[in-house]
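Understanding the architecture of this molecule
Each chain, written out:
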There are 2 protein chains.
Amino acid sequence: MSAITTPASPISPRAILFDAYGTLFDVHSVVAAAEQLFPGRGDALSQLWRRKQIEYTQLRTLADPSGAHYAPFWDITVDALRYAAARLHLADSLTRAAEKRLMDEYTCLSAFPDVVPALKTLRERFDIPLAILSNGNPPMLDIAVKSAGMNGLFDHVLSVDAVRAYKPAAAAYALGTRAFGAAPREIVFVSSNGWNIAGAAWFGYATFWINRGGAPVEELGVAPRGIGGGMAELVAFIERGAP
Amino acid sequence: MSAITTPASPISPRAILFDAYGTLFDVHSVVAAAEQLFPGRGDALSQLWRRKQIEYTQLRTLADPSGAHYAPFWDITVDALRYAAARLHLADSLTRAAEKRLMDEYTCLSAFPDVVPALKTLRERFDIPLAILSNGNPPMLDIAVKSAGMNGLFDHVLSVDAVRAYKPAAAAYALGTRAFGAAPREIVFVSSNGWNIAGAAWFGYATFWINRGGAPVEELGVAPRGIGGGMAELVAFIERGAP
């Protein structure tokens, strides 16, 4: 039903902003631990956990964009885990020890294998600053970046915690334009999350969707500027001037 | 992680507001038609369709609460159907005729069997006005109310279309307080959707969650004032003065 907006003319990007969870960090790298704790249900738990985590961030900001119902991403991640376990009738097995084990896993998520090499290539080959713009709260992001071996690769690690509003609220995306003193269309925003790509496109960013799972484009009336199956395609996209 | 807010003291409700889709109307009554069109996939399509429909309403309002990305619920429902079909690799089978058939089904959803009898009981037994407060746009709601045999049972049929903001945005919930000239805590808000109950509770409504599926309470830090498995429990709750 919704008309697709055509992307604006090519730009020479002044910065590249990365979504973190699901894009750089593989949120489903917790599956192995979940499977050990809940045999046969690890994948289902991981999927529902992630879905509720995103839903809770959005509900809290939507109900009051000024942040009255804001809770840090860490707390929401615990809440989502508890809900997911209860929904799957695993609450009795989610002992304090099991919860701690899963949250520890979440603290040190694996990066997708193509992420660190591509970030290094981007830094070496182009004179474009890189940054993270994440829903994660600063202590979470700090540990995650370090444990994934991404230290020193980013000029900024921006957390929506500064504005107490989760993506796709405009206040969250505006952290990126403010950090670089650039217009949205001068910044490439990278995410694997379709909803995040739509939100960033609405905000005006030049979006690149890393579509690792071969999902369809979200039916939200905005097309990503670029789409690729992994980080190598992002490097090629930047090389072509983010056309 | 989130502390549960305890409900306020008992009230004598001045109005009862009903969420429509999923609460009065069974959104999964489309499964039979979906199953005929896509054998073995009807349930999966219906579940994903509904999930994307809710997600798209929330994303559009969250990205701009003033309504810049608002689209009517009918359009979003079509968008969500198209996405769900594509995601399940059924896009080639979603012909125009199939899409029309499913949207026709959506236009005339069945009411849950306990809904009309309970609404009639509420009207007969109590001097409390009843209303719908729905994400549905007015033409959709109009047909749905008529085709489900609910004509004349409601004092108001309120659509968020009037404010171009979807629940759980406060502007959407405020349609109810405005229609009745009452404070939120004087109005009982009824929904089967956990996220909607949380949003209504944040707004200040006295909430009653019709938990047909035996789901856990959402981990959003707000408890429903009342919970029941169906509409009969709502009637009993009102009889007790919405304690």
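Quick caveat, the model's predicted, so the values are computed rather than measured. (Residues numbered from 1 in each chain as written. Chains lettered and ligands numbered in written order. Predicted model: local features only at pLDDT ≥ 70, side-chain atom pairs only at ≥ 80, totals over all residues. Heavy atoms only, no water.)

This part takes up the relation of the copies chain A and chain B. Here chain A sits on chain B after a turn of 180° about the axis and a move of 0.0 Å along it, with an RMSD of 0.0 Å. Taken together, the rotation angle and the small translation identify this as a two-fold axis. When C-alpha positions in chain A are compared against the rotation axis, the closest is assigned to Leu 62 of chain A, at 2.6 Å. The fraction of interface residues of chain A whose copies in chain B are also interface residues reaches 100%, indicating that both copies meet through the same surface. (Least-squares fit on C-alpha atoms with pLDDT ≥ 70 in both. Contact = heavy atoms within 4.5 Å.)

On the secondary structure map, Ala 232 of chain A appears in helix 9 (residues 231-239). Separated by 173 residues in the primary sequence, Ala 232 of chain A and Leu 59 of chain A place their C-alpha atoms 34 Å from one another. (Helix = DSSP H or I, 4+ residues; strand = E, 2+ residues; numbered from the N terminus.)

The next point concerns the sheet that holds strand 6 (residues 226-228) of chain B. All names here are of chain B. Read from one edge of the open sheet, 6 strands run 3-2-1-4-5-6, paired in parallel fashion. What marks the edges here is a single partner per strand, and that holds for strand 3 (156-159) and strand 6. Between one strand axis and the next, the sheet turns through 20° on average, direction left out of account. By the bridge criterion, 4 bridges tie strand 2 (residues 130-134) to strand 3 in an arrangement that is parallel. In the strand pairing of strand 3, Leu 133 is matched with Leu 158. Helix 7 (residues 170-180) contacts strand 1 (15-18), strand 2, strand 3 and strand 4 (187-191) of the sheet and is inclined by roughly 150° relative to strand 3. (Pairing = 2+ DSSP bridges. Axes fitted to C-alpha atoms, helices over the stretch in contact; angles between N-to-C directions.)

Taken together, the 36 residues of chain A in the interface contact 36 residues of chain B. Around 3,400 Å² of area is buried between chain A and chain B when both sides are counted, 64% of it from carbon and sulfur atoms. Our count for the contact surface shared by chain A and chain B stands at 2 salt bridges. For the salt bridge of Lys 52 of chain A with Glu 218 of chain B, the shortest nitrogen-to-oxygen distance reads 2.9 Å. Our enumeration of links across chain A and chain B arrives at 10 residue pairs in polar contact (both at pLDDT 80 or more). For the side of chain A that touches chain B, the secondary structure elements donating two or more residues are helix 2 (42-63), helix 3 (73-87) and helix 8 (194-203) of chain A. Across the side of chain A that touches chain B, the residue classes break down as 20 nonpolar, 5 polar and 11 charged. (Buried area = accessible area lost by both parts, 1.4 Å probe. Salt bridge = Lys/Arg side-chain N within 4 Å of Asp/Glu carboxyl O. Polar contact = N/O pair within 3.5 Å; in protein donor to acceptor, adjacent residues only side chain to side chain. Nonpolar A, V, L, I, M, F, W, Y, C, P; charged D, E, K, R; others polar.)

Residues and elements named next belong to chain B. Neither face of strand 1 is open: one carries Ala 15 and Leu 17, the other Ile 16 and Phe 18, and all of them are buried. By the bridge criterion, 4 bridges tie strand 1 to strand 4 in an arrangement that is parallel. Along strand 4, the bridge assignment pairs Ala 15 with Ile 187. Where strand 1 meets strand 2, 3 bridges bridge the pair, whose relative direction is parallel. Bridged to Leu 17 within strand 2 is Ala 131. (Buried < 20%, exposed > 50% of the residue type's maximum accessible area, 1.4 Å probe, protein only.)

A surface patch of positive charge is lined by Arg 51 and Arg 87 of chain A together with Arg 51 and Arg 87 of chain B. For Arg 51 of chain A, the location among the structural elements is in helix 2. (Patch = residues over 30% accessible without salt bridge, like charges linked within 9 Å, V, L, I, M, F, W, Y side chains within 5 Å. Areas by Shrake-Rupley, 256 points an atom, 1.4 Å probe, with all protein chains shown as cover. Lys, Arg positive; Asp, Glu negative; His and termini not counted. Charge placed at Lys NZ, Arg CZ, Asp CG, Glu CD.)

Before going further, it helps to spend a moment on the pattern of salt bridges. Within the structure shown, the criterion is met by 20 salt bridges over all chains. Ionic pairing is found between Glu 239 of chain A and Arg 125 of chain A, a salt bridge with its closest N-O pair at 3.1 Å. Pair noted here: Glu 239 of chain A is in helix 9 and Arg 125 of chain A is in helix 5 (residues 115-125), with a separation of 114 residues, a long-range link. A relative accessible area of 46% means that Glu 239 of chain A is categorised as partly exposed. Under the relative-accessibility criterion, Arg 125 of chain A is labelled partly exposed at 46%. The shortest N-O distance in the salt bridge between Glu 55 of chain B and Lys 52 of chain B comes to 3.0 Å. With a gap of 3 residues between them, Glu 55 of chain B and Lys 52 of chain B both fall in helix 2 (residues 42-63), about one helical turn apart. Owing to a relative accessible area of 5%, Lys 52 of chain B belongs among the buried residues under this scheme. One network of salt bridges, in which partners are shared, links Lys 52 and Glu 55 of chain A together with Glu 218 of chain B.

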